[in-house]
Amino acid sequence: MKKELVIIGGGPAGLAAAIAAKEAGINDLLILERDARLGGILNQCIHNGFGLHTFKEELTGPEYAGKYIDKALELEIPYELNTMVIDLTQTSEGKEKLVTVMNREKGLYTIEARAVILAMGCRERSRGALNIPGFRPAGIYSAGTAQRYVNMEGRMPGREVVILGSGDIGLIMARRMTLEGAKVKLVAELMPYSGGLKRNIVQCLDDFGIPLKLSHTVVDIKGKERVEAVVVAQVDEQLKAIPGTEEEISCDTLLLSCGLIPENELSGNLGVTMNPVTNGPLVDESLETDKEGVFACGNVLHVHDLVDYVSEEASQAGKRAAAYLKGELEERGRKILIRAVNGVHYTVPSSIDMQRMEQTQVVRFRVGNVYRDAAVEVAFDGKVVSSRKKKVLAPGEMEQVILKKADLEQAEGIKEISVSIRRDT
């Protein structure tokens, strides 16, 4: 089978990318989705708060996904469900990509594509990756698994709950479990700051009187058949448990909300160069990886805080993939590197090609700590060209700066752009 464009993933990123590519004139395309329905993770996110940027209204996750699904159906974009992509390689010439696919009806088969958009999303960090000591009793779940059980399958994971990690899913599940009648005794966070949005801390913890203990972690799990209690301890600046601070909390359930990992095994198989900070591909202003014709967007690229930004980014990937397929994406020219320095954790994109750059370019980034009364600075080859004051910068909130092509052209010969944090004293 041959296709002009294959989109791997039918969640919010894949849908938005496919719609943008179709509207840009690419008709021979296909979405591959491993789940039984389109929509991705949004199908289990029944809380509201989605769509304020994109649709100017507050929607639940399924409502937000539904708008994109309806548009994809209206445009007659083909898709395959219950279909797992198990390998991604390229031909010996390097032009066409070989997508190896498996599903129950067709078995194992290969699709030859001129371009591919990576939109596989991310997965939760598991207990095994956290190295928590103790037995392996029932009652330990990732927050996302618990969310699926409660919201889609009508099953309660437990009645007395401790949550490790203050990621957004964990915060939202603290509220959800409380509303379903469970007692959420504590949210413990290893870092000295929360990993979730400020609004979720307020609406999901503060409004329900659920305590949040920063610089704390679970150091032991009690129980053999089922979780009976967890031991929580304070950690020092090196994130090591402080002896004498241990506290045993009885519970029957431990939810883990300790970060998300982009699903990039396929990207690795193809040999895409990865960003060691985000665990996603390095991309340029067109969201193209260093493999020609391979684009990436959404949480497979870097973990987003708002799905609205996922859709915006994915639409750009779809448009640029369409331009590539139509021969309208300019040849690569002079590349300017974008560096994250002085408190900035990473940037997306990590480079800009002056030949391909549009009149403005959004650069999104996260900081590595909490900063108050600080400024976001942009420098061209070390010379500060813009500074924007911020009352608070936190790792849980994505930030952005906007670069203008005219400014880069005026700074002739520029080799590097840096984005940094300046703390006012």
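For clarity, every value in this text was computed on a predicted model and none was experimentally measured.

Trainee: Honestly, the sheet that holds strand E15 (residues 229–234) in this entry has me stumped. Any pointers?
Mentor: Backbone-to-backbone hydrogen bonds join strands into a sheet, with any given pair of strands oriented parallel or antiparallel. Read across the sheet, three strands follow the order E14-E15-E16 without closing on themselves; strand pairing throughout is antiparallel. Strands with a single pairing partner mark the edges of an open sheet, and in this sheet they are strand E14 (216–222) and strand E16 (247–250). Between one strand and the next, the sheet's axes are offset by a mean angle of 30°, whatever the strand orientation. Across four bridges, E15 lies against E16 in antiparallel orientation. Paired with valine 230 across the strands is isoleucine 249, a residue of E16.

Trainee: Even after reading the chapter, I still don't get the side chain of aspartate 168, so can you show me in this structure?
Mentor: Structurally, the position occupied by aspartate 168 is in helix H5 (residues 168–179). Buried and unpaired, aspartate 168 has arginine 366 as its nearest opposite-charge partner, separated by 6.4 Å. In contact with aspartate 168, other than residues within four places in its own chain, are Gly196, Leu197 and Asn200.

Trainee: So what exactly am I meant to see when it comes to the side chain of serine 420 here?
Mentor: Secondary-structure assignment places serine 420 in strand E27 (residues 416–423). Ignoring any residue separated from it by four or fewer positions in sequence, one finds serine 420 in contact with Val341, Asn342, Val344, Ala375, Val376 and Glu377.

Trainee: Mind showing me how you'd approach the packing of helix H4 (residues 143–152) against H5 here?
Mentor: When two helices pack together, you describe them by how their axes are tilted relative to each other and by the distance separating the axes. As a packed pair, H4 and H5 sit with axes 9 Å apart at the nearest point and diverge in direction by 35°. Between H4 and H5 lies a crossing whose hand is left-handed. On H5, the residues that touch Ala143, Gly144, Ala146, Gln147, Val150 and Asn151 of H4 are Ile169, Gly170, Ile172, Met173, Arg176 and Met177. Of the residues assigned to the contact of H4 with H5, the class counts are seven nonpolar, four polar and one charged.

Trainee: What exactly am I supposed to notice about the sheet that holds strand E10 (residues 140–142) here?
Mentor: Strand order in the open sheet formed by five strands is E10-E17-E11-E12-E13, and the pairing between neighbours is parallel. Looking at strand neighbours, the two that pair on one side only are E10 and strand E13 (212–214), the edges of this open sheet. Taken pair by pair, the neighbouring strands of this sheet meet at an average axis angle of 20°, ignoring direction. On top of the sheet, H4 reaches E10 and strand E17 (253–256); it is set at about 90° to E10, its chief contact.

Trainee: Just to check I follow, could you spell out unusual backbone geometry for this structure?
Mentor: Only a minority of non-glycine residues have a phi that is not negative, and only a minority of peptide bonds are not trans. Cis geometry is adopted by the peptide bond preceding proline 349, which originates at valine 348 and carries an omega value of 5°. Assignment of secondary structure puts proline 349 in the loop between strand E21 (344–348) and strand E22 (351–353). In this model, lysine 56 sits at a positive phi of 60°, which is unusual for a non-glycine residue. With respect to the secondary-structure elements, lysine 56 resides in the loop between strand E3 (48–50) and strand E4 (59–60). Residue lysine 56 is classed as exposed on the basis of its relative accessible area, which comes to 68%. Here the phi dihedral of asparagine 82 falls at roughly 50°; this positive angle occurs in a residue that is not glycine.

Trainee: It is not clear to me how the state of the cysteines should be interpreted in this structure. Could you clarify?
Mentor: By definition, a disulfide links the sulfur atoms of two cysteines through a covalent bond. Tallying each qualifying case throughout the model produces zero disulfides. Cysteine cysteine 122 remains unbridged, with the sulfur of cysteine 45 as its closest cysteine sulfur at 10 Å. Between cysteine 251, a free cysteine, and cysteine 258, which holds the nearest cysteine sulfur, the sulfur-to-sulfur gap is 14 Å.

Trainee: What is the right way to look at H5 in this model?
Mentor: Every α-helix carries 3.6 residues per turn, so stepping three or four residues along brings you back to the same face. If you check H5, its first and last C-alpha atoms are 17 Å apart, about what 12 residues at 1.5 Å a residue would give, namely 16 Å. Residues of H5 that are buried: Asp168, Gly170, Leu171, Ile172, Met173, Ala174, Arg175 and Met177. Tucked into the core, H5 has its buried residues touching H4, strand E11 (160–164), strand E12 (183–189), helix H6 (198–205) and E17.

Trainee: I would appreciate a short explanation of empty space enclosed by the protein in the present structure.
Mentor: Here the idea is plain: a probe the size of a water molecule rolls over the atoms and shows the empty space left. Scanning the model with the defined rule gives one cavity of 30 Å³ or more in all. There is about 40 Å³ of room inside the largest cavity. Taken together, Asn275, Thr278, Pro281, Leu282, Val283, Leu301, Thr347, Val348, Pro349 and Ser350 form the lining of the largest cavity. Residue composition of the lining of the largest cavity, by class: six nonpolar, four polar and no charged.

About the thresholds
- Residues numbered from 1 in each chain as written.
- Predicted model: local features only at pLDDT ≥ 70, side-chain atom pairs only at ≥ 80, totals over all residues.
- Heavy atoms only, no water.
- Pairing = 2+ DSSP bridges.
- Helix = DSSP H or I, 4+ residues; strand = E, 2+ residues; numbered from the N terminus.
- Axes fitted to C-alpha atoms, helices over the stretch in contact; angles between N-to-C directions.
- Buried < 20%, exposed > 50% of the residue type's maximum accessible area, 1.4 Å probe, protein only.
- Lys, Arg positive; Asp, Glu negative; His and termini not counted.
- Salt bridge = Lys/Arg side-chain N within 4 Å of Asp/Glu carboxyl O.
- Contact = heavy atoms within 4.5 Å.
- Left-handed = near helix turned anticlockwise from the far one by under 90°.
- Nonpolar A, V, L, I, M, F, W, Y, C, P; charged D, E, K, R; others polar.
- Disulfide = S-S within 2.5 Å.
- Expected span 1.5 Å × (residues − 1).
- 1 Å grid on protein atoms, 1.4 Å probe; cavity = no way out; pocket = protein on both sides within 12 Å on 5 of 7 lines; lining within 4 Å.
- Points joined across faces, edges and corners; volume = space filled by probe spheres on them.

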